[in-house]
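# Structural overview
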Amino acid sequence: MSRKRNIFLIGFMGAGKSTVARWLHRQHGMEWLEMDKEIERREGMAISEIFRLHGEEYFRELETELLLSLENKENTVVSCGGGVPLRVCNVEAMKRSGIIVFLTARPETILERVKDSHDRPLLEGHKNVEYISELLSERRNKYEAAADVLVATDDRSAEEIAEEVADHWAGFY
Ligand code: S3P
């Protein structure tokens, strides 16, 4: 069975998933679903509150539930939370529903992009290159194993990155 025509953007926090998704939405007319925002909407609270009140495992269950509920989508770009590819069942659900694009970034680039925000509980108190490098290397194999395509984001504009993603998408089907 051929895969549905959707794009799942995966990668570490600060890889640019939301920025690229916004571009594809605006310039290519794709529907855009931001997983973190949708989870916040469904739960009626911020991600950091969900972590604080219910813990990370509860949040991971919400991510899986949300992904499974997306299986009927078409022409949608989904910006996934950075932890989504860590569960095999999530990767399987994404593979059934579309192509998976891994946006890569160096730890230094990630730090620059996340340093002023406070909505990522896993990075609070750890905003330094050493911590980001360590967590990234723990996750990199899973990101790479899940991905159909890798797109580098360092030193590139949102437009360049998003157009490369769009080209891969067009060529995939
Ligand atoms: C997480 C990434 C976050 C958010 C949560 C956990 C992670 O999303 O889902 O804070 O485990 O990498 P972004 O990648 O959109 O920042």
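Residues numbered from 1 in each chain as written. Predicted model: local features only at pLDDT ≥ 70, side-chain atom pairs only at ≥ 80, totals over all residues. Heavy atoms only, no water.

## Considering the overall build of the chain
Rules: Helix numbering and strand numbering both begin at the N terminus, where a helix is a DSSP run of H or I of at least 4 residues and a strand a DSSP run of E of at least 2. The reference for a compact globule is 2.2 Å times residues^0.38; the radius of gyration itself is calculated from the C-alpha atoms. For every residue, the accessible area (1.4 Å probe, protein chains only) is compared with the maximum for its type, and the residue is labelled buried under 20%, exposed over 50%, or partly exposed between those bounds. Contacts are assigned to residue pairs that have any heavy atoms within 4.5 Å of one another. For every accessible area listed, the method is Shrake-Rupley and the probe measures 1.4 Å; residues are considered covered only by the protein chains on display.
When helices and strands are tallied, the chain shows eight helices and five strands. Expected size for 173 residues packed as a compact globule is a radius of gyration near 16 Å; at 15 Å, the chain falls within 12% of this value. Per-residue burial over the chain gives 45% buried out of 173 residues. Looking at the chain alone, contacts between residues at least 24 apart form 73% of all its contacts between residues at least 6 apart. Split by element, the accessible area of the chain, about 8700 Å² in all, is 49% carbon and sulfur.

## Here's the deal with helix H3 (residues 47-54)
The condition that has to hold: Picture the helix axis, draw a direction to every C-beta atom, and the arc is the one those directions span.
Restricting attention to buried positions, one finds in H3 the residues Ile47, Ile50 and Phe51. The arc enclosing the buried residues of H3, seen along the axis, measures out at 100 degrees, which places them on a common side. The inward-facing, buried residues of H3 abut helix H2 (35-43) and helix H4 (56-68). A positive phi of about 90 degrees marks Gly55, the residue just after H3.

## Brief notes about the packing of aromatic side chains
Think of a pair of aromatic rings as described by two things: how far the centres are apart, and how the planes are tilted against each other in angle. Rules: The rule is short: rings of Phe, Tyr and Trp, with Trp giving its six-membered ring, pair when the centres are within 6.5 Å, and they are stacked under 30 degrees, edge-to-face over 60, tilted in between. Lysine and arginine charges are scored as sitting over a ring when NZ or CZ, respectively, is within 6 Å of the ring centre and within 35 degrees of the ring normal.
Under the criterion given, the structure shown has two aromatic pairs. An angle of 45 degrees between the planes, with centres 5.0 Å apart, marks the rings of Phe51 and Phe59 as tilted. Classification of Phe51 by relative accessible area gives buried; the value is 15%. Geometrically, the ring pair formed by Phe102 and Tyr143 is tilted, given 5.1 Å between the ring centres and 40 degrees between the ring planes. In this pair, Phe102 sits in strand S4 (residues 99-104) while Tyr143 sits in helix H7 (residues 129-146), placing the two residues 41 residues apart along the sequence. The two residues Phe102 and Tyr143 agree in class, both being buried. Taking the ring centre of Trp169 as reference, the NZ or CZ of Arg5 above it sits at 4.9 Å.

## As for the site of the ligand
Cut-off, in case you're wondering: In these notes, residues near a molecule or strand are those with any non-hydrogen atom within 4 Å of it. Counting of polar contacts relies on pairs of N or O atoms within 3.5 Å, with two restrictions inside protein: one atom must be capable of donating a hydrogen and the other of accepting it, and residues adjacent in sequence are counted only when both atoms are side-chain atoms.
Neighbouring the ligand are 14 residues, the closest being Lys17, Asp36, Arg60, Arg120 and Arg139. Note that an oxygen atom of the ligand is positioned 2.8 Å from one of the side-chain N or O atoms of Asp36. A distance of 3.4 Å separates an oxygen atom of the ligand from a polar atom in the backbone of Gly83. In isolation the ligand exposes 390 Å². Once the protein is present, 96% of that is buried. Broken down by element, the residue count for the shell around the ligand peaks at three residues, all from H4.

## A word on the nonpolar core
Rules: Residues belong to a common nonpolar core when they are buried Ala, Val, Leu, Ile, Met, Phe, Trp, Tyr or Cys residues joined through side-chain atoms within 4.5 Å.
Ranked by internal contacts, the top residues of the largest apolar core, which has 33 residues, are Ile10, Phe12, Met35, Cys80 and Met94. Within the residue set of this core, elements represented by two or more residues are strand S1 (7-10), H2, H3, H4, helix H5 (88-97), S4, helix H6 (107-114) and H7. The element that contributes the greatest number of residues to this core is H7, accounting for five residues. Each residue touching Phe12, except ones within four places of it in the same chain, is listed here: Lys17, Ile110, Ile132, Leu135, Leu136, Arg139 and Tyr143. Membership of the second largest hydrophobic core comes to 18 residues, among which are Ile7, Ala15, Leu24 and Ala166.

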